[in-house]
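# Architecture and fold: a report
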Amino acid sequence: MKTCILLLAAVLVAVAHVCESVRFGPLCSGNPSNTRRTSDSWGQGHYGARRGSRTHKGLDIVCLDGATVYAPFDVTLNGKVIVYTDPAKAAINNGINLSGAGLCFKLFYVRPDRTSGTVRKGQRIGTMLPMQSVYPGITSHVHVQMCDKSDPTHYF
Ligand code: ZN
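These figures come from a predicted structure and were not determined experimentally. (Residues numbered from 1 in each chain as written. Predicted model: local features only at pLDDT ≥ 70, side-chain atom pairs only at ≥ 80, totals over all residues. Heavy atoms only, no water.)

### What to know about the overall build of the protein
Counting its regular elements, the protein contains one helix and 13 strands. Listed by position from the N terminus, the elements making up the protein come as α-β-β-β-β-β-β-β-β-β-β-β-β-β. Residue burial in the protein is summarised as follows: out of 156 residues, 40% are buried. Taking the contacts inside the protein whose residues are at least 6 apart along the sequence as the reference set, 64% of them involve residues at least 24 apart. Within the structure as shown, the protein displays about 8,600 Å² of accessible surface, and the carbon and sulfur contribution to it stands at 58%. (Helix = DSSP H or I, 4+ residues; strand = E, 2+ residues; numbered from the N terminus. Buried < 20%, exposed > 50% of the residue type's maximum accessible area, 1.4 Å probe, protein only. Contact = heavy atoms within 4.5 Å. Areas by Shrake-Rupley, 256 points an atom, 1.4 Å probe, with all protein chains shown as cover.)

What follows is the structure, given as structure tokens:
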């Protein structure tokens, strides 16, 4: 019985370790703790927030216009992202596809320095685009979206 309990404890520790092992490093200069967008006049930043008839499929991390965006892990750059079809949003219609730490994800509203190759954790990958010019008064942010559109919140 005692061995069984010890074994169970060991398994639980192993599982807890796996669950906690992947965490996004700081994404944006001026926001070292990846503070999230909460609520502003344009909406809320959490995964699943309402966007009219749709839901928000990412998590918004506060990032001032023009700030430097960093690699949250050692990452591979997998090309750019087109966010919108609306030409009125051209100023922020850019982003990047990334993979790293076993995850595939996208960052929206970032002008990437490069769109291929690899970047080490903490090194710059691009610049936050001028979100205030499209959404005046919004909490400017990088939108983090998993490639499978699952909830990224537990990685933060
Ligand atoms: Zn978002």
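So much for the structure itself; the text now carries on.
### Brief notes about the layout of surface pockets
Size it by volume and the largest pocket reaches roughly 650 Å³. The element best represented in the lining of the largest pocket is strand E13 (residues 141-146), accounting for three residues. Counted by class, the lining of the largest pocket contains eight nonpolar, five polar and seven charged residues. (1 Å grid on protein atoms, 1.4 Å probe; cavity = no way out; pocket = protein on both sides within 12 Å on 5 of 7 lines; lining within 4 Å. Points joined across faces, edges and corners; volume = space filled by probe spheres on them. Nonpolar A, V, L, I, M, F, W, Y, C, P; charged D, E, K, R; others polar.)

### Thoughts on the packing of aromatic side chains
For the structure on display, the rule yields seven aromatic pairs. Residues Phe 108 and Tyr 109 carry aromatic rings whose centres are separated by 5.9 Å and whose planes lie at 85° to one another, so their mutual orientation is edge-to-face. You can call Phe 108 buried: its relative accessible area is 11%. Classification of Tyr 109 by relative accessible area gives buried; the value is 9%. One aromatic cluster is present, built from ring pairs that chain together Phe 24, Phe 73, Phe 105 and Phe 156. (Phe/Tyr/Trp six-rings, centres within 6.5 Å; stacked < 30°, edge-to-face > 60°.)

### Let's talk about the coordination of the zinc ion
Around the zinc ion, the protein contributes the donor atoms His 56 (NE2), Asp 60 (OD) and His 143 (ND1), at 2.0 to 2.1 Å from the metal centre. Read from N- to C-terminus, the donor residues coordinating the zinc ion fall into the pattern H-x3-D-x82-H. Taken together, the positions of His 56 in the loop between strand E4 (54-55) and strand E5 (59-62) and His 143 in strand E13 put the pair 87 residues apart, joining distant regions of the chain. There is no split in this pair, since His 56 and His 143 are both buried. (Donors = N, O, S within 2.8 Å, 3.2 Å for Na, K, Ca; no water.)

### Some thoughts on the state of the cysteines
Going through the model one piece at a time under the given rule, you end up with two disulfides. A disulfide bridge connects Cys 28 with Cys 63, and the sulfur atoms are separated by 2.0 Å. Linking Cys 28 and Cys 63, the disulfide has an S-S dihedral of approximately 80° and is accordingly described as right-handed. Remark: Cys 63 occurs in the loop between E5 and strand E6 (68-70) and Cys 28 occurs in the loop between helix H1 (2-20) and strand E1 (39-40); sequence separation between them is 35 residues. Assigned by exposure class, Cys 28 and Cys 63 land together as buried. Each bonded cysteine of the protein is numbered by sequence order, and under that numbering the disulfide pairs are 1-2, 3-4. (Disulfide = S-S within 2.5 Å.)

### Examining the pairing of strand E8 (residues 95-100)
Where burial is concerned, most of E8 is hidden: five out of the six residues are buried. In terms of strand pairing, E8 meets strand E9 (residues 103-108) through six bridges, oriented antiparallel. For Leu 98, the partnering residue across the bridge sits in E9 and is Phe 105. Between the antiparallel neighbours E8 and E9 lie two residues, among them Ala 101 with a positive phi of about 55°. (Pairing = 2+ DSSP bridges.)

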